[in-house]
Amino acid sequence: MEITITDIEHIGDAARQFVDVIGDHRVFAFYGSMGAGKTTFIKAICEQLGVEDVITSPTFAIVNEYETNDRPIFHFDFYRIKRLEEVYDMGYEDYFYSGSICFIEWPELIEELLPDDAVRVTIAEQPDGSRTVSME
């Protein structure tokens, strides 16, 4: 499936489309170059899911937890990970297999730890400035 984000003013519409198709999936691995809009899109998705907390990039914390009425959402940014041991030490399994939604930025750095049923989401910047979100 592909979703087009024409511009920042329409990111909420794209996030709503994304939420409408996530079904029972819980782990989402977001791929894309620096500046492609991964964090911005995840923020918009979280807002659609009812998060009222301030949503920021977990670059320095590695994981942020956001509350919803249903259950927490975990947002990871593995950009600064140097060794897989760091991910083991943080107890990644407790998050990935908790049944809560997990959004993962820079999953290529922990690829071998992703659950088999993780949804791979690629965000690609287009020449006109729009973004294409592909899910597999």
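Conventions adopted
- Residues numbered from 1 in each chain as written.
- Predicted model: local features only at pLDDT ≥ 70, side-chain atom pairs only at ≥ 80, totals over all residues.
- Heavy atoms only, no water.
- Core = buried A, V, L, I, M, F, W, Y, C linked by side-chain atoms within 4.5 Å.
- Buried < 20%, exposed > 50% of the residue type's maximum accessible area, 1.4 Å probe, protein only.
- Helix = DSSP H or I, 4+ residues; strand = E, 2+ residues; numbered from the N terminus.
- Contact = heavy atoms within 4.5 Å.
- Phe/Tyr/Trp six-rings, centres within 6.5 Å; stacked < 30°, edge-to-face > 60°.

A. Region of interest: the nonpolar core. In terms of nonpolar packing, the biggest core is built from 27 residues, with Phe18, Phe28, Phe30, Phe41 and Phe103 touching the most fellow members. Those elements that place two or more of their residues in this core are β1 (2–5), α1 (11–21), β2 (27–31), α2 (38–48), β5 (101–105), β6 (119–125) and β7 (131–135). Apart from the residues lying within four places of it in its own chain, the contact partners of Phe41 are Ile5, Ile11, Ala14, Ala15, Phe18, Phe30, Ile123 and Val133. Judged by nonpolar contacts, the second largest core, of 17 residues, contains Val27, Tyr31, Phe76 and Ile110.

B. Layout of the environment of Val21. With respect to the helices and strands, Val21 occurs in helix α1. Residue Val21 is classed as partly exposed on the basis of its relative accessible area, which comes to 35%. Residues Val21 and Tyr79, spaced 58 residues apart in sequence, show a C-alpha to C-alpha distance of 27 Å. When neighbours within four sequence positions are excluded, Val21 is seen to be in contact with Met1 and Met135.

C. Broad picture of the packing of aromatic side chains. Summed over the entire model, instances satisfying the criterion amount to twelve aromatic pairs. On the basis of an interplanar angle of 35° and a centroid distance of 6.1 Å, the ring pair of Phe18 and Phe30 is categorised as tilted. With a gap of twelve residues between them, Phe18 in helix α1 and Phe30 in strand β2 connect regions that are remote in the sequence. Note on accessibility: Phe18 and Phe30 belong to one class, buried. Between Phe18 and Phe41 the ring centres are 5.6 Å apart and the planes differ by 85°, which places this aromatic pair in the edge-to-face class. Here Phe18, found in helix α1, pairs with Phe41, found in helix α2; they are 23 residues apart in sequence, far enough to count as distant. Neither residue differs from the other here; Phe18 and Phe41 are each classed as buried. Aromatic ring contacts, followed pair by pair, group Phe74, Phe76, Phe78, Tyr88, Tyr92, Tyr95 and Phe96 into a single cluster.

D. Molecular detail of the environment of Phe60. Of note, Phe60 is situated in the loop between α2 and β3 (63–66). Under the relative-accessibility criterion, Phe60 is labelled exposed at 67%. In sequence terms Phe60 and Phe78 are 18 residues apart; their C-alpha atoms lie 9.2 Å from each other.

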